[in-house]
Amino acid sequence: MTILEMLKDTAHAEERILEAVQKAHESQKDLNAIVTFIDPAEQIAHLNEHKGGLLEGVPVALKDNVNTKGIKTTASSRILENYIPVFDATIVKKMREAGAVFIAKASMDELAMGGTNTTSVTGPVRNPHNLECMAGGSSGGSAALVAAGVVPMAIGSDTGDSIRKPASFCGVVGFKPTYGRISRYGIIPYSSSLDHVGVFTRSVKDAAVSLEVLAGRDDHDMTSSSLPVEHYLDAVKGDVAGKKIAVLKNVIDAIDDEATLHCFNDVIEGLKAKGAIVDVVEMNEDLLKALLPAYYLIANCEATANHSNLDGIRFGNRVDAETSEEIMIKTRTEGFGPLIRKRFVIGSYGLFWENQEKLFRQAQRVRRLIVEEVSRVLKDYDVYVAPAAPGGAPKLDDTSRDELSDKYLVADNHMILGNFTGYPSITVPMGLSDGMPVGINLTGRAFEESELLNIAQAVEDITGLCDSKVGD
Amino acid sequence: MEEIKDQAYFKALARKLMFELTDEEADDIVQEFKTLCVQLQLLEAIDTTGVEPMVYPFETPTVYLREDEENHTISQEEALSNASKVVQGHFSVPRVVK
């Protein structure tokens, strides 16, 4: 069921919320998508205060890096497993005012640093379409809960593709708007210059409604934008006549999965039939191949600095020792998983003064060139599109990827472009490959979410994959 | 091309970041660093002469001066509520001067 359908029948909101809670509990054994269940009784008791809200009575799951006052917020890390925030993230307040009812904190890759959702301290999240496959990460719990029909909306965060890739793997809509469009205040950070807040939904129109609730300037987030919030739903018509769409040749060339390419081509033909002007464009291949290493450096350098406060003294799971220094070392050794510690090591390597210029600053310079390259394409086109991933979700134990191949460097990681530029980007389901969902990704110009959502709606109209059920 | 580093190098680096690595974890980093070095060559090969580093996606100012008025405060009790050890309203750590 979608948000819009729920809003047509608010009289049965309580019933639906309780049903969502039941489904959440039932799903846990298979999916392992939830870190903390939230008892909605108190929120239900206050439902009348939010009559007419855009999310009135809608059950919602939050990624576990969203601070919730009085509710455990672990970011799926052992170091924060006893952390109970004393404040709400700005988006929590906004959703509550709009009538949303929170029922779960969803699993994620530890501290949002990963793309598999296999590194949570509570164990891997499984894909509702095939429990042997990953849900993707880092927002895998949120994606799985929406895909399984537990909730119609879940919050995620996206630093490299952490909403848009799991959306593709789980067969749902995953949307991150422009950097600054949604406040990041109260979101446990990963990489401050790349982090975005966004949503998973079961339709493009629901993504539009969600954005209308979440968007807007917040003085607590100095990077949030003052541009007015639009009525996004009004713009979602699916009208693409005369719209200019660029297909990213570099990504297509790096994909060898025929079913993914077939689904993609069907969507493109559908867009043309609706009157869109579609061209194949090529970006500078050297820049695209430098995208992942540049990202890796920027993200991990920023993360190393952001998480230096996790020391067990003021908060976190302290491990006792004889000295303050030993407390911090033991707390951080036992509190962070191996992947996190590896990433911090790489991050600090890039920040050493002897490496800073040739690695970290070089990555930031390359970022500017990449952003200029993307802007060049979007000067002539309303959006650019490509398959969100080179295929369906990998198996949980899959280690076969070649990290130096074009498939990995370009096809698997091109959505980082949306984080480097900050431009709005959305993944929409487009079909199946080997029984697993695959998505198409669309990216538009800064703060032009209305246009992006409008074109995404056309894709949904073509595929018919709105509110589709697992196994459809 | 980055110089290949050994296990001891990464263990020492981890210690500076206030955590330890097991032998196996340090070994993993040594192996992964070899792949990373090849990827970094792709980055280093880009000519960035005269290009300014990009720190944030947009360079339009979003930071404004505000009146110096107290807002958004939390109580002492709230500030200390997540600390493992609190003594007389302070975060508590082992004695530093002995």
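What this report covers is the structure whose coordinates are included nearby. Being a predicted model, the structure only gives us computed values, none of them experimental.

## Points about the overall build of chain B
Then, number 1: Each helix and strand counted, chain B has three helices and two strands in total.
Then, number 2: Taken from the N to the C terminus, the helices and strands of chain B come in the order α-α-α-β-β.
Then, number 3: Against the globule reference of 13 Å for 98 residues, chain B gives a C-alpha radius of gyration of 23 Å, more extended than a compact globule.
Then, number 4: Across its three principal axes, chain B shows a C-alpha extent of roughly 55 × 45 × 25 Å.
Then, number 5: Counting contacts in chain B only where the partners sit at least 6 residues apart, residues at least 24 apart contribute 35% of the total.
Then, number 6: With an accessible surface of roughly 6,900 Å², chain B has 51% of that area assigned to carbon and sulfur atoms.
Then, number 7: Where the 9 positive side-chain charges of chain B centre and where its 20 negative ones centre are 14 Å apart.

## Here's the deal with the interface of chain B and chain A
Then, number 1: Each partner contributes residues to the interface: chain B has 54 residues there, and chain A has 78 residues.
Then, number 2: Of the roughly 5,600 Å² buried at the junction of chain B and chain A (both faces included), carbon and sulfur atoms supply 64%.
Then, number 3: For chain B, the biggest contributors to the area lost against chain A are Met18, Met54 and Asn82 of chain B; these three give 13% of the whole.
Then, number 4: Summed over the shared surface of chain B and chain A, the number is six salt bridges.
Then, number 5: With a closest N to O distance of 3.6 Å, Asp28 of chain B and Lys342 of chain A form a salt bridge.
Then, number 6: Where chain B packs against chain A, one counts 24 residue pairs in polar contact (both at pLDDT 80 or more).
Then, number 7: Listing elements by their share of the side of chain B that touches chain A, those giving two or more residues are helix 1 (7–16) and helix 2 (23–44) of chain B.
Then, number 8: It is helix 2 of chain B that provides the largest number of residues to the side of chain B that touches chain A, a total of 13 residues.
Then, number 9: Its residues placed into classes, the side of chain B that touches chain A shows 30 nonpolar, nine polar and 15 charged.

## Focus: the pairing of strand 8 (residues 196–201) of chain A
All names here are of chain A.
Then, number 1: With six of six residues buried, strand 8 lies mostly within the body of the structure.
Then, number 2: Across six bridges, the pairing between strand 6 (residues 153–158) and strand 8 is antiparallel. Each residue of the ladder has a partner; that of Ser157, found in strand 8, is Val197.
Then, number 3: Pairing between strand 7 (residues 173–176) and strand 8: three bridges, direction antiparallel. For Phe175, the partnering residue across the bridge sits in strand 8 and is Val199.

Criteria and thresholds
Residues numbered from 1 in each chain as written. Chains lettered and ligands numbered in written order. Predicted model: local features only at pLDDT ≥ 70, side-chain atom pairs only at ≥ 80, totals over all residues. Heavy atoms only, no water. Helix = DSSP H or I, 4+ residues; strand = E, 2+ residues; numbered from the N terminus. Rg over C-alpha atoms; globule rule 2.2 N^0.38 Å. Contact = heavy atoms within 4.5 Å. Areas by Shrake-Rupley, 256 points an atom, 1.4 Å probe, with all protein chains shown as cover. Lys, Arg positive; Asp, Glu negative; His and termini not counted. Charge placed at Lys NZ, Arg CZ, Asp CG, Glu CD. Buried area = accessible area lost by both parts, 1.4 Å probe. Salt bridge = Lys/Arg side-chain N within 4 Å of Asp/Glu carboxyl O. Polar contact = N/O pair within 3.5 Å; in protein donor to acceptor, adjacent residues only side chain to side chain. Nonpolar A, V, L, I, M, F, W, Y, C, P; charged D, E, K, R; others polar. Buried < 20%, exposed > 50% of the residue type's maximum accessible area, 1.4 Å probe, protein only. Pairing = 2+ DSSP bridges.

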